[in-house]
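Residues per chain, in single letters:
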Amino acid sequence: MDVSRSFPDGPADRVFEGRLVGGSTRAGQPEPEEPVPFARTEISAEAREAALRVLDSGWVTTGPETALFEREFAAYVGAAYAVGVSSCTAALELALRALRLPAGSRVLVPTLTFCGTAHAVLHAGLLPVLVDVDPRTGMPSALTTARAVVRCGKPAAMVVVHLAGAPAPLDELAAAAGLPLELVVEDAAHALDTYVGDRPVGALTRAACFSFYATKNLPIGEGGMVTTDDPELAERVHRARLHGMSSDAWRRYQPGGSWRYTVDEAGLKANMTDLQAAIGRMQLRHLPEWQRRREALATLYTARLRHVPGLRLPLAPAEGRHAWHLYAVRVLEERFGRGRDELVERLAAQHIGTSVHFVPLHRMPYFRRTALCPAGGFPGADALFPGLLSLPMHPALTERQVDTVCRALARSARPAEEAPR
Ligand SMILES: *Cc1c(COP(=O)(O)O)cnc(C)c1O
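Not measured: the values here are computed from a predicted model. (Residues numbered from 1 in each chain as written. Predicted model: local features only at pLDDT ≥ 70, side-chain atom pairs only at ≥ 80, totals over all residues. Heavy atoms only, no water.)

1. Some thoughts on the overall build of the chain
As a reminder of what qualifies: Only DSSP runs of H or I reaching four residues or more are called helices, and only runs of E reaching two or more are called strands; each is numbered from the N terminus. Note on method: radius of gyration uses C-alpha positions; expected globular size equals 2.2 Å times residues raised to 0.38. Exposed residues in this analysis have more than 50% of their type's maximum accessible area, buried residues have under 20%, and partly exposed residues fall in between, with area computed by a 1.4 Å probe over protein chains only. Note on definitions: a residue-residue contact is assigned when non-hydrogen atoms from the two residues lie within 4.5 Å. Throughout, the Shrake-Rupley method with a 1.4 Å probe supplies accessible areas, and for residues the shown protein chains are the sole cover considered. We score Asp and Glu as negative and Lys and Arg as positive, and we do not count His or the chain ends. Where a charge lies is defined by one atom per residue type: Lys uses NZ, Arg uses CZ, Asp uses CG and Glu uses CD.
When you go through the chain residue by residue, the secondary structure sums to 17 helices and 12 strands. The C-alpha radius of gyration of the chain comes to 22 Å, within 12% of the 22 Å expected for a compact globule of 421 residues. For the chain, the spread of C-alpha atoms along the principal axes amounts to about 80 × 55 × 40 Å. The burial tally for the chain puts 57% of its 421 residues in the buried class. Across the chain, contacts joining residues at least 24 apart in sequence account for 72% of those joining residues at least 6 apart. Accessible surface computed for the chain: about 18,100 Å², of which carbon and sulfur atoms make up 54%. Positive and negative side-chain charges of the chain, numbering 47 and 46 respectively, have mean locations separated by a distance of 3 Å.

2. Topic: the pattern of salt bridges
As a reminder of what qualifies: A carboxyl oxygen of Asp or Glu within 4 Å of a side-chain nitrogen of Lys or Arg is what we treat as a salt bridge.
Throughout the structure, instances matching the rule amount to 16 salt bridges. Between Arg206 and Asp230 there is a salt bridge whose closest N-O contact spans 2.8 Å. Of this pair, Arg206 sits in the loop between β7 (199-200) and β8 (207-211) while Asp230 sits in the loop between β9 (224-228) and α10 (231-240), and the two are 24 residues apart along the sequence. We note that Arg206, like Asp230, is buried. With a closest N to O distance of 2.5 Å, Asp403 and Arg304 form a salt bridge. Highlighted residues: Asp403 in helix α17 (residues 399-412) and Arg304 in helix α12 (residues 274-305), separated in sequence by 99 residues.

3. Observations concerning the packing of helix α4 (residues 45-57) against α12
What counts is decided by this rule: Here an angle of 0 to 180 degrees is reported between the N-to-C directions of two axes, which are lines fitted to C-alpha atoms, with helices fitted over the stretch in contact. Oblique is the label for any angle not covered by the other classes, which are roughly parallel (under 35 degrees), roughly antiparallel (over 145) and roughly perpendicular (65 to 115). For any helix crossing, the convention is left-handed if the near helix is rotated counterclockwise from the far helix by under a right angle, and right-handed if that rotation is clockwise. Each residue gets one of three labels, nonpolar for Ala, Val, Leu, Ile, Met, Phe, Trp, Tyr, Cys and Pro, charged for Asp, Glu, Lys and Arg, and polar for the others, Gly among them.
For the pair α4 and α12, the least separation of the axes is 8 Å and the interaxial angle reads 155 degrees. Overall, the two elements α4 and α12 adopt an arrangement that is roughly antiparallel. Judged by the sense of rotation from one axis to the other, the crossing of α4 with α12 is right-handed. Taken together, the residues of α12 that come into contact with α4 (itself represented by Glu46, Ala47, Ala50, Ala51, Val54 and Leu55) are Asp274, Leu275, Ala278, Ile279, Met282, Gln283 and His286. Per-class residue counts for the contact of α4 with α12 are nine nonpolar, two polar and two charged.

Pasting the structure below:
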């Protein structure tokens with residue numbers, strides 16, 4: 001799909017254009033080249049057809065398409081079970097509830113993540129303990145994890161986030177927290193196709209939680225999935241996703257099905273619909289090709305930006321596989337010659353969309369009130385945050401657009417002769 005032709009009139013672009021068309025070109029700045037949206041929701045033609053087929057079928061809520069998507073998704077990530085839900089945030093809450101921990105139990109959460117990760121812990125009746133990150137990876141290290149344990153006590157569980165799609169060192173982190181992998185839940189919102197060592201994220205811990213939000217690697221619009229090798233956990237999530245009911249609507253309305261059901265535990269309204277599942281099944285067939293594209297784009301960015309002073313680039317992991325959900329650079333203000341915020345504005349004025357992943361949770365009033373923040377603060381995240389910048393990354397991005405972004409970045413950097421001696 002040619003992004004330039006559909007921008008900015010396509011409805012998919014409008015979602016992400018805020019920053020792109022918000023900035024005006026100021027006098028003295030280069031003329032805008034081709035607009036480059038930060039993200040773009042790719043919906044394949046087959047997915048569109050599948051959605052129409054479900055709309056015409058007379059059954060749009062959870063049913064046979066959901067069951068098929070669950071089976072196909074589980075196979076893709078190498079897990080025995082997958083349960084389709086309404087979002088990754090719901091997936092995390094359901095997986096954490098299924099651990100059956102005492103109310104108020106402490107759960108380690110990195111401070112550099114999406115707010116949904118911590119909301120899920122709180123909604124599950126648990127207490128998030130925010131963990132600082134290593135500024136080189138943006139993720140907790142064994143050291144920052146061990147420090148949080150020393151300062152806040154032994155946790156009952158831990159959420160690991162594979163930030164940007166880079167593999168987090170699961171075994172090291174679990175060991176540093178003193179937890180078996182059965183008490184680790186992965187926020188895999190960025191990690192569809194991430195490999196830790198030679199194994200895909202999906203059944204490496206008690207449960208992995210994926211997102212099908214509009215910007216994620218397998219976009220449906222909204223949606224999520226819990227994957228696990230534990231049949232009991234899968235059953236708990238399956239029941240709790242729909243009010244905790246013993247029988248869902250599809251089973252009740254089948255010929256010979258009974259209207260009877262009961263509720264024996266707390267439940268959410270967080271089921272996946274067949275409409276989402278039908279789209280997801282067809283999207284999944286495109287995923288390998290989209291992932292190859294993301295990897296090629298990451299390689300291209302790295303080649304083009306290697307010599308720009310003051311930019312620290314994301315590394316391909318020595319072991320495992322990066323899913324390249326994001327291509328997030330770090331702007332080192334001193335060497336680059338400008339700060340991240342000024343750079344964001346300059347790029348926006350040239351119609352280049354960017355984003356920041358993430359504002360650390362310990363900087364947000366709600367989590368300062370509700371989460372435990374270890375004494376000693378978050379020096380790693382605080383050092384990293386001011387320079388974080390995510391560049392456009394999506395499978396429809398063209399090489400020309402990558403060139404546009406990289407030229408704009410190079411032009412924004414301090415010329416070599418101005419560098420401090
Ligand atoms: C997107 C995202 C989520 C939430 O996903 P939803 O499907 O929107 O609930 C959770 N964690 C991280 C790291 C994310 O980027």
